[in-house]
Amino acid sequence: MEEDVSWSALDAERDGDQFDREERAALRRVAGLSTELEDVTEVEYRQLRLERVVLVGVWTSGTAADADNSLAELAALAETAGAMVLAGVTQRRDKPDAATYIGSGKAQELRDIVAEHAADTVVCDGELSPGQLIHLEDVVKVKVVDRTALILDIFAQHAKSREGKAQVALAQMQYMMPRLRGWGQSLSRQMGGGGSGSSGGGMATRGPGETKIETDRRRIREKMAKLRREIAEMKTGRDVKRQERRRNKVPSVAIAGYTNAGKSSLLNRLTGAGVLVENALFATLDPTVRRAETPSGRQYTLADTVGFVRHLPHHLVEAFRSTMEEVGDADLILHVVDGSHPVPEEQLAAVREVIRDVGAQSVPEIVVINKADAADPLVLQRLVRAERRSMVVSAHSGEGIEELLARIDDELPRPAVELDLVVPYTSGALVSRAHTEGEVLGEEHTTEGTRLRARVHEELAAELRSAAGVVV
């Protein structure tokens, strides 16, 4: 007996804490997510303008830390949308329940947690089907929102330009279409078409007619068609500008990266663009294109793009495709990653997935590890070892920016033709174009004209040779 007792004690010490089946299957509370304030008066004020939410996630793979990080990101999204996070729970399952996302028993437990915190909304860390949404709401008795709807709501709040608003509205309608629900009069039918000589019902009221929900769907489809036409027209305007830059052979650099990684801060540091910088997810949605200059004097354009996030809704990828084309048409991508994030490798993988979706995987990429002033040095070393084409910078302090500019200068494609000729002073406009469209290696003013040593594209090279009287 003594031997059995000593062995079980040793076994417990070796295996750590043991949980029974019930504890293992229970909803696991995630600590440290609540944003409720201590001051009661301020809490009451915030309750007037903020939704009180409980977060719930299904943990299907990875470690418990991965599940907690995912829910922490959902908490940041909820705060950005203007909600107050009261609690967060995760459920370990092989896959989400087809009916209620977390299972009927756990949905009952979730209802108790919602009642305990007096919450008015449940936010799920995944995209729910229309059926899951309805069934979970029926059990918890409060509004249920999924991750996709939450991101769409943030985009709707932050879109400022006409095109941005149209793209978000289109994505919201695409999401809403299969989730339209009707109660009571919503399921009543409009008047059906009558036929002459038919019996019963009176004139123009025979036939099944069209339910209100069908009418709503038809109206939404019409609005979506109108929005697509508007976005196509706005895309034409951007294409014209892009073709003009291509015609002038101006190289382009696109800044892509995870939301809140510091893309706008980097754009401001590189160009002085004055774009809104805020410590919030999706603070800037509308693309910004600015002209910049390399240390050697070459001009190029720098485009800030919309931030990405894990499981970015496919409705948004489709709606913002015209905006994301800035990435596909670039000569170089600056892939910005937050070096202070606990798991920056996940950010890199999420952004690269979207880059593949828009067909930009063949564009050369420099991984810019930002926020070096706030990052763990060991994490920075790990990233630099893993990413061969990477640089460590801080857009806040300016650390590494000079080296990044020099790297951009080296990486941008150079004009194909190198010339050394004398251009008459009467053709000064061509010399000016060599400065803006090419790379001037040397310039000297002589009695005959300007002696120019430069690398330029073939079209401009032909004009310069013609002006200098050089026969090819």
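Just so it is clear, the model here is predicted, and its values are computed rather than measured.

Student: Report on the overall build of the protein chain, specifying residues and quantitative values.
Tutor: In terms of regular secondary structure, the protein chain is built from 17 helices and 14 strands. Just so you have it, the protein chain exposes about 24300 Å², and 50% of that area is on carbon and sulfur atoms.

Student: Describe the sheet that holds strand 12 (residues 417-423), and please don't skip the residues or the numbers.
Tutor: One key point about sheets: their strands pair by backbone hydrogen bonds, in either a parallel or an antiparallel sense. Taken together, three strands build an open sheet; the order of strands is 12-14-13 and the sheet is antiparallel. Where the open sheet ends on each side, the last strands, each with one partner, are strand 12 and strand 13 (439-445). Across the sheet, the axes of successive neighbouring strands diverge by a mean angle of 10°, strand direction being ignored. Note that strand 13 and strand 14 (residues 450-456) share six bridges and pair antiparallel. Bridge pairing in strand 14 links E444 to R451.

Student: I'd like a description of the environment of E365, backed by residues and values.
Tutor: Structurally, E365 can be placed in strand 10 (residues 365-370). Residues E365 and I333, spaced 32 residues apart in sequence, show a C-alpha to C-alpha distance of 4.7 Å. Those residues in contact with E365, other than ones at most four positions away along the chain, are L332, I333, H335, R352, I355 and R389. A polar contact of 2.8 Å, which involves the side chain of E365, links it to the side chain of R352.

Student: How would you sum up a negative patch on the surface? Please name residues and give values.
Tutor: Where like charges cluster on the molecular surface, the negative patch consists of D373, E399, E402 and E403. Inspection of the secondary structure puts E399 in the loop between strand 11 (390-392) and helix 15 (401-411).

Student: Which residues make up the sheet that holds strand 10, and what values go with them?
Tutor: Pairing in this open sheet of six strands is mixed, and the strands run 7-8-6-9-10-11 from one edge to the other. The sheet is open, and its two borders are formed by strand 7 (288-293) and strand 11, each paired with just one other strand. For this sheet the average axis-to-axis angle between neighbouring strands, irrespective of direction, equals 25°. Two elements, strand 7 and strand 8 (residues 299-304), share six bridges in a ladder whose sense is antiparallel. Residue R290 lies in a different strand from strand 8, and its bridge partner there is L302.

Student: I'd love a proper account of unusual backbone geometry, names of residues and values included.
Tutor: Although it is not a glycine, N260 sits at a positive phi angle of roughly 65°. Here N260 lies in the loop between strand 6 (252-257) and helix 10 (263-271). In this structure, K371 takes a positive phi of about 65° despite not being glycine. Structurally, K371 is set in the loop between strand 10 and helix 14 (377-386). Its relative accessible area of 21% is what places K371 among the partly exposed residues.

Student: Lay out the pattern of salt bridges with the relevant residues and their values.
Tutor: Evaluation of the coordinates by the stated rule reveals 16 salt bridges. Here R218 makes a salt bridge to E222, at a shortest N to O gap of 3.9 Å. Taken together, the residues span about one helical turn, with R218 and E222 both in helix 9 (residues 212-247) at a distance of four residues. Under the relative-accessibility criterion, E222 is labelled partly exposed at 47%. Two residues, R352 and E365, come together in a salt bridge whose shortest N-O distance is 2.8 Å.

Student: Quick one: what's the story with helix 14, residue by residue and with numbers?
Tutor: Among the residues of helix 14, those classed as buried are V379, L380 and L383. All buried residues of helix 14 lie within an arc of 100° about the axis, which places them on one face of the element. In helix 14, the exposed positions angled more than 90 degrees off the buried face are occupied by P377, L378 and R385. Buried residues belonging to helix 14 abut helix 13 (344-357), strand 10 and strand 11. By the N-cap criterion, in which a side-chain oxygen at the helix start approaches the backbone nitrogen of a residue two or three places on, helix 14 is capped by D376, the distance to L378 being 3.0 Å.

Student: Can you explain the nonpolar core? Please cite residues and give values.
Tutor: Counting residues in hydrophobic clusters, the biggest one holds 65 residues, and the most contacted among them are L55, L266, F308, L334 and L404. Dropping the residues within four chain positions of it, L334 is found in contact with V253, A254, I255, A256, L266, L270, L302, I366, V368, L404 and I408.

Student: Go over helix 10, please, and point to the residues and values.
Tutor: Since there are 3.6 residues in each turn of an α-helix, residues three or four apart along the chain are aligned in direction. All of the buried residues in helix 10 are K263, S264, L266, L267, N268 and L270. Contacts from the buried residues of helix 10 go to strand 6, strand 7, strand 8, strand 9 (332-338), strand 10 and helix 15.

Student: With reference to specific residues and values, describe the packing of helix 16 (residues 428-437) against helix 17 (residues 458-468).
Tutor: Interhelical geometry of helix 16 versus helix 17 gives an angle of 155° and a closest axis separation of 10 Å. On the basis of their axis angle, the class for helix 16 and helix 17 is roughly antiparallel. The chirality of how helix 16 crosses helix 17 is left-handed. Mapping the contact onto sequence places L430, R433, A434 and E437 in helix 16 and L460, E463, L464 and A467 in helix 17.

Calculation notes
Residues numbered from 1 in each chain as written. Predicted model: local features only at pLDDT ≥ 70, side-chain atom pairs only at ≥ 80, totals over all residues. Heavy atoms only, no water. Helix = DSSP H or I, 4+ residues; strand = E, 2+ residues; numbered from the N terminus. Areas by Shrake-Rupley, 256 points an atom, 1.4 Å probe, with all protein chains shown as cover. Pairing = 2+ DSSP bridges. Axes fitted to C-alpha atoms, helices over the stretch in contact; angles between N-to-C directions. Contact = heavy atoms within 4.5 Å. Polar contact = N/O pair within 3.5 Å; in protein donor to acceptor, adjacent residues only side chain to side chain. Patch = residues over 30% accessible without salt bridge, like charges linked within 9 Å, V, L, I, M, F, W, Y side chains within 5 Å. Salt bridge = Lys/Arg side-chain N within 4 Å of Asp/Glu carboxyl O. Lys, Arg positive; Asp, Glu negative; His and termini not counted. Charge placed at Lys NZ, Arg CZ, Asp CG, Glu CD. Buried < 20%, exposed > 50% of the residue type's maximum accessible area, 1.4 Å probe, protein only. Arc of directions from axis to C-beta. Core = buried A, V, L, I, M, F, W, Y, C linked by side-chain atoms within 4.5 Å. Parallel < 35°, antiparallel > 145°, perpendicular 65-115°, else oblique. Left-handed = near helix turned anticlockwise from the far one by under 90°.

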